[in-house]
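Structure assessment
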Amino acid sequence: MALRKTVAHWKTLMIVGIALAAAVAGAFFYGYSRFAGPGPHDAPVVVIIPDGASLTATARRLAETGVVSAAILFTWGTRLQGADRDIRAGEYRIPAHASMAEVLAILRSGNVVQHTITIPEGLTSAQIVALVNAADALVGEVATIPPEGTLLPETYHYVRGTHRADLIARMQAAMESTLARLWAERDKERAPETPQAALILA
């Protein structure tokens with residue numbers, strides 16, 4: 001009699017164990033299918049991940065912007081991949097219907113949105129500074145107008161959070177580099193007197 005009870009007890013434990021294992025496996029595969037399946041957003045979404053944001057805060061932001069359907073699934077999927085410390089701050093463009101796995105790969109890549117500003121030829125330094133001060137996604141303000149002819153008219157790429165003064169410095173460095181190149185390539189027999197004159201002739 002005792003033997004029968006023991007066998008029945010073990011059978012019950014086995015059935016319960018199998019049921020629990022099946023439930024865990026089912027939950028895992030359901031979660032994985034949600035993590036790897038298409039995202040809920042019908043159009044590309046731009047998401048900004050602040051510097052120092054935790055995984056929980058990042059997942060919440062993704063859910064609030066409609067990029068992921070459940071913050072907890074993104075959090076656990078990221079942790080299961082051991083990538084919870086790999087997410088990089090920045091501004092990201094997420095394609096429509098990107099899966100959570102694809103979103104995670106984008107946030108780990110560091111391939112942030114590139115903004116552009118085009119400086120047409122013929123503008124004064126004051127006009128260029130005004131364009132830079134009005135440009136989107138830059139920070140700070142340029143108060144001092146650089147000397148005329150020290151900013152190279154060109155299209156410049158930058159990321160969100162770039163300081164406006166740093167962008168002006170890039171324009172100055174680009175001008176210096178261009179002047180040095182043109183001066184080195186000048187026709188010495190008919191060379192202008194200064195690198196600035198060489199730039200005007202070019």
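Residues numbered from 1 in each chain as written. Predicted model: local features only at pLDDT ≥ 70, side-chain atom pairs only at ≥ 80, totals over all residues. Heavy atoms only, no water.

1. Topic: helix α3 (residues 71-80)
- Those residues of α3 that fall on the buried side of the exposure criterion are Phe 74, Thr 75, Gly 77 and Thr 78.
- Directly beyond the C-terminal end of α3, a positive phi value near 65 degrees is found at Gly 82. (Buried < 20%, exposed > 50% of the residue type's maximum accessible area, 1.4 Å probe, protein only. Helix = DSSP H or I, 4+ residues; strand = E, 2+ residues; numbered from the N terminus.)

2. Looking at the pairing of strand β2 (residues 90-94)
- Summarising burial for β2: four of the five residues are buried, a large majority.
- Both strand β1 (residues 45-49) and β2 contribute to a ladder of five bridges, which runs antiparallel. Pairing of Val 46 across the sheet is with Arg 93, part of β2. (Pairing = 2+ DSSP bridges.)

3. Details of unusual backbone geometry
- A positive phi angle, close to 60 degrees, is found at His 97, a residue other than glycine.
- As for its position among the elements, His 97 is in the loop between β2 and α4 (100-109).
- Its identity is not glycine, yet Ala 137 carries a phi of approximately 75 degrees, on the positive side.
- By secondary structure assignment, the location of Ala 137 is in the loop between α5 (125-134) and β4 (155-158).

4. Regarding the pattern of salt bridges
- Summed over the entire model, instances satisfying the criterion amount to three salt bridges.
- Across the salt bridge formed by Glu 91 and Arg 160, the nearest N and O atoms sit 3.0 Å from each other. Remark: Arg 160 occurs in the loop between β4 and α6 (164-184) and Glu 91 occurs in strand β2; sequence separation between them is 69 residues.
- With a relative accessible area of 7%, Glu 91 lands in the buried category.
- Note that Asp 136 is salt-bridged to Arg 160, the shortest N-O span being 4.0 Å. Of this pair, Asp 136 sits in the loop between α5 and β4 while Arg 160 sits in the loop between β4 and α6, and the two are 24 residues apart along the sequence.
- In the salt-bridge network here, residues are joined through shared partners; they are Glu 91, Asp 136 and Arg 160. (Salt bridge = Lys/Arg side-chain N within 4 Å of Asp/Glu carboxyl O.)

5. Concerning α5
- Among the residues making up α5, those that are buried are Ser 125, Ile 128, Val 129 and Val 132. In a view along the axis of α5, the buried residues occupy a sector of 100 degrees, so they form one face of it.
- Buried residues in α5 make contact with β3 (115-118) and α6. (Arc of directions from axis to C-beta. Contact = heavy atoms within 4.5 Å.)

6. As for the packing of α5 against α6
- Where α5 meets α6, the closest approach of the two axes is 10 Å, and the angle between their N-to-C directions is 140 degrees. By the angle between their axes, α5 is oblique relative to α6. Relative to α6, the crossing made by α5 is right-handed. Together, Ile 128, Val 129, Val 132 and Asn 133 of α5 and Arg 164, Leu 167, Ile 168 and Met 171 of α6 make up the contact between the two elements. (Axes fitted to C-alpha atoms, helices over the stretch in contact; angles between N-to-C directions. Parallel < 35°, antiparallel > 145°, perpendicular 65-115°, else oblique. Left-handed = near helix turned anticlockwise from the far one by under 90°.)

7. Points about the confidence of the model for the chain
- Averaged over all residues, the pLDDT of the chain is 84; the fraction at 70 or higher stands at 75%.
- Averaged over each element, pLDDT in the chain is lowest for helix α1 (residues 2-36) (56) and highest for β4 (98). (pLDDT = per-residue confidence, 0-100.)

8. Brief notes about the pairing of β4
- Only one face of β4 is buried, namely the one carrying Tyr 156 and Tyr 158, since none of Thr 155 and His 157 on the opposite face is buried.
- Judged from the four bridges that link them, β3 and β4 form a sheet pairing that is antiparallel. Following the sheet pairing, Ile 117 is matched in β4 by Tyr 156.

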